[in-house]
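Each chain, written out:
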Amino acid sequence: MSRGKFFQSVSKYFDRAAALSTVKSGMLRQVKTCNAVYRMRFPVREDNGEITVVEAFRAEHSFHRLPAKGGIRFSRRVSLDETIALAALMSYKCAIVGVPFGGAKGGVAVNPATISAGFRERVTRRYTAELIRKNFIGPDIDVPAPDYGTGEREMGWIADTYKNLRMNEPHTYACVTGKPLGMQGIPGRRQATGLGVYYGIRTFMEQAEDMKAVGLSPGVAGKRVIVQGLGNVGYHAAHFLQNDGKAVIVGIIEREGGLYAPDGMDVESVHRHRRETGTLQGFPGATFIEDGQSVLENDCDVLVPAALEEQITAENAGRIQAKIVAEAANGPVGFDGEAILSQRGIHMLPDLYLNAGGVTVSYFEWLKNRAGVSFDRMVSRHEELTKIGLVEAIESLTGRDIPSPARQQLVHGVSEEDMVIAALDQTMIQSFHQIHYRWKSRNLADLRTAAFLLGIERIADSYAQHGIFP
Ligand code: NAD
């Protein structure tokens, strides 16, 4: 994949939607432009004592709301263009799901599959120190989160580094989200992006007319799904599609190849097998195909690319057999690939909506860190007491006791995780309908154009309200 392709695709998607908006051209330029980038190179000691110079980036695409927000990616292939494209998607994504943040993204050019834990920690802490030095991180400035190749552990190192260098600031842990629970993380963040992907697919597949248009019956249950990437997003998306949605997972693709089983395979067993053996190969009950990329083209109803960008291009789009492509990753369908899929009547659920569950729950974590109190602390017992009162009234009116397990379930007070998951569910449903409404009422080509349009208009409104363009 050429490095500039992803950036070009995002720009073209933007331009296509922008041409349909009523926003004036100067404002459109401001919405599109990346406002600040920091490109850095710093030395890090390898485990053998050698010095390696690491290249890294942070792009702050928009400041119409502060802080700017976006993950940090560890990948050998990160580039400035890629980081800017990902930061731009963050701006539109936040606007679409009503998260009051600007967009940002970070990239560190290291190979997450091969670096040691020690090197990883040294890189993460040094990168954080660099961001602090230039004011590219802070609870009110720019708040990173996990992305490809990073997770809770790295976010914990970032929080710790920030806290130690900025002792005098209030709520320092709000400088980053996706932290471990013991470091003021929030329950539900780990699975949030994948769960949001499931909620988005489920909501789309409930639309009987749209399903008819792609030749499927409504609902996720029984639909055959292929997932590419069994990392944070892909694993959780597959898990919820299988367990909550009752979908049949017929294909799973990773770096080393793909598994295909027309009758389905159990996601947990595949995940365990790969964890234990380091490869998908040898998993019983499914065929292993060394050319994982070719499994994208196998027969299925829904294809969920959840690894990297530009996976479906003009080269392979003509051979995709799925009826729906659900973009769990950022930018998995290139602009030219999209044109071919659209022509063939394949519907796409766009990344800037579908994978917004992560930033939605990150927003809740940031709010919690600033408030200094967990969401359930003030309501859980009160709710439990109210429910007990209600259950006792029903029992006394009917003269019958509700049996114990059912009673327990009825009276339990809401947990922080319950609140987070319910709010995520609501966000994904509401945002879907806002995009879907635009798609239909303005007779737009597709959901992606509708999503970009919604994002552009909201950001332009926000700039206007804040007097950037009086
Ligand atoms: P991750 O590092 O947890 O997982 C990525 C997985 O993809 C890994 O298991 C890796 O081995 C696999 N992979 C790499 N190359 C592959 C290939 N050629 N074919 C198949 N699999 C391959 O990363 P993640 O956090 O799950 O992110 C995945 C995508 O989702 C990225 O595009 C990221 O930007 C996007 N995303 C992530 C989040 C989040 O909260 N983590 C939020 C929004 C979007």
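Residues take numbers from 1 onward in each chain, read along the sequence in its written order. Given that the model is predicted, a residue must reach a pLDDT of at least 70 before its local features are reported, and side-chain atom pairs must reach 80 or more before they are shown or counted; all residues, however, enter totals for whole chains, interfaces and linings. Note: side-chain values were computed over all heavy atoms of the structure, leaving out hydrogens and water.

**Description of the environment of V220**
Turning to step 1, where the next piece is worked out: In DSSP terms, a helix is any run of H or I states spanning at least four residues, a strand is any run of E spanning at least two, and both are numbered starting from the N terminus. For V220, the location among the structural elements is in the loop between α7 (208-214) and β6 (224-228).
Turning to step 2, where the next piece is worked out: The class of V220 is buried, set by a relative accessible area of 6%.
Turning to step 3, where the next piece is worked out: Here, two residues are considered to be in contact whenever any of their heavy atoms come within 4.5 Å of each other. Setting aside residues no more than four positions away along its own chain, V220 makes contact with Y198, I201, R202, M205, L241, G245, K246 and A247. Each residue gets one of three labels from its accessible area relative to the maximum for its type: buried under 20%, exposed over 50%, partly exposed in between, using a 1.4 Å probe on protein chains only.

**Describing the site of the ligand**
Turning to step 1, where the next piece is worked out: Among the 23 residues in the neighbourhood of the ligand, the closest are listed as D147, G149, T193, E254 and N330.
Turning to step 2, where the next piece is worked out: Contact between the ligand and V233: an oxygen atom at 2.9 Å from a main-chain N or O atom of the residue.
Turning to step 3, where the next piece is worked out: Elements supplying a minimum of two residues to the shell around the ligand: α6 (189-205), α8 (232-243) and β7 (248-254).
Turning to step 4, where the next piece is worked out: Charged residues are taken to be Asp, Glu, Lys and Arg, nonpolar residues to be Ala, Val, Leu, Ile, Met, Phe, Trp, Tyr, Cys and Pro, and polar residues to be all remaining types, Gly included. Taken together, the residues that form the shell around the ligand break down as 10 nonpolar, 8 polar and 5 charged.
Turning to step 5, where the next piece is worked out: In this document the domain limits rely on a domain assignment from an automatic tool or a database. Summarising the domain contributions, the shell around the ligand has at least three residues from each of domain 1 (3-187 + 449-465) and domain 2 (215-345). We call a residue near a molecule or strand when any one of its heavy atoms sits within 4 Å of it. Each polar contact in these results corresponds to two N or O atoms within 3.5 Å; when the atoms are within protein, one needs to be able to donate a hydrogen and the other to accept it, and residues that are neighboring in sequence are counted only if both atoms are side-chain atoms.

**Structural notes on the sheet that holds strand β3 (residues 68-74)**
Turning to step 1, where the next piece is worked out: In space, the 5 strands of this open sheet follow the order β1-β2-β4-β3-β5, with mixed pairing throughout. Edge positions in the open sheet fall to β1 (36-45) and β5 (142-146), since each of these has one partner strand only. Strand-to-strand twist in this sheet, taken as the mean axis angle between neighbours without regard to direction, amounts to 20 degrees.
Turning to step 2, where the next piece is worked out: Note on pairing: two strands pair once DSSP finds at least 2 bridges between them. Sheet topology note: the β3/strand β4 (residues 102-108) ladder contains 5 bridges and is parallel. Looking across to β4, one finds that R73 is bridged to G107. As a rule, the C-alpha atoms of each element are fitted with a line to give its axis, helices using only the stretch in contact, and angles between N-to-C directions run from 0 to 180 degrees.

**What about helix α16 (residues 416-441)?**
Turning to step 1, where the next piece is worked out: Multiply 1.5 Å by the residue count of a helix minus one, and that product is the helix's expected span. Between its terminal C-alpha atoms α16 stretches 37 Å, which fits the 38 Å expected from 26 residues at 1.5 Å a residue.
Turning to step 2, where the next piece is worked out: N443, located one to two residues past α16, shows a positive phi value of around 55 degrees.

**Points about the packing of aromatic side chains**
Geometry of an aromatic ring pair is reported as the spacing of the ring centres plus the angle between the planes.
Turning to step 1, where the next piece is worked out: Pairing of aromatic rings covers Phe, Tyr and Trp, the last through its six-membered ring, and needs centres within 6.5 Å; plane angles under 30 degrees mean stacked, over 60 mean edge-to-face, and all others mean tilted. The final tally for this structure, using the stated rule, is 12 aromatic pairs.
Turning to step 2, where the next piece is worked out: With 5.7 Å between their ring centres and 35 degrees between their planes, F14 and Y92 make a pair best called tilted. Pair noted here: F14 is in helix α1 (residues 3-18) and Y92 is in helix α3 (residues 80-96), with a separation of 78 residues, a long-range link. For the pair F14 and Y92, a shared accessibility class is recorded, and that class is buried.
Turning to step 3, where the next piece is worked out: Both rings, one in F101 and one in W366, keep their centres 5.0 Å apart while their planes meet at 90 degrees; by these two values the pair is edge-to-face.

Keep in mind that these numbers describe shape and distance, not what the molecule does.
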